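Each chain, letter by letter, is given below.
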Amino acid sequence: MPDLEGKPGGAPDEEPRPETDAERRRRRAQFLRELNEAKALRDRVQPRRARAARMRQAMRMRTFRW
């Protein structure tokens, strides 16, 4: 499978170019979207565990001291 993003490990004579801020932000946004999608899917397929996690979070918020 060819390396399309210019990462190290591609062609030996190819210089890896530095990643721009825009590319990094775009990759990070994509990662966060996929992470949220995966969490939502897990919550749908494991409702009991999701409810327990919500209850634990609510307890943490109630006992948090400002």
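Residues numbered from 1 in each chain as written. Predicted model: local features only at pLDDT ≥ 70, side-chain atom pairs only at ≥ 80, totals over all residues. Heavy atoms only, no water.

## A closer look at the overall build of the chain
- From N to C terminus, the chain includes two helices and zero strands.
- Counting over 66 residues, the chain shows a buried share of 2%.
- Of the roughly 6,900 Å² that the chain leaves accessible, carbon and sulfur atoms contribute 55%. (Helix = DSSP H or I, 4+ residues; strand = E, 2+ residues; numbered from the N terminus. Buried < 20%, exposed > 50% of the residue type's maximum accessible area, 1.4 Å probe, protein only. Areas by Shrake-Rupley, 256 points an atom, 1.4 Å probe, with all protein chains shown as cover.)

## Concerning the pattern of salt bridges
- By the definition in use, this model includes two salt bridges.
- Of the charged contacts in the structure, one is a salt bridge between R17 and E23, with a shortest N-O distance of 3.2 Å.
- Across the pair R27 and E19 runs a salt bridge, and its minimum N-O distance is 2.6 Å. (Salt bridge = Lys/Arg side-chain N within 4 Å of Asp/Glu carboxyl O.)

## Some words on a positive patch on the surface
- A cluster of basic side chains, namely K39, R42, R49, R56 and R60, defines a positive patch on the protein surface.
- Elements represented by at least two residues in the positive patch include exactly helix 1 (21-45) and helix 2 (47-63).
- Here the positive patch takes three residues from helix 2, the largest share from any one element.
- The residue K39 is located in helix 1 in this model. (Patch = residues over 30% accessible without salt bridge, like charges linked within 9 Å, V, L, I, M, F, W, Y side chains within 5 Å. Lys, Arg positive; Asp, Glu negative; His and termini not counted. Charge placed at Lys NZ, Arg CZ, Asp CG, Glu CD.)

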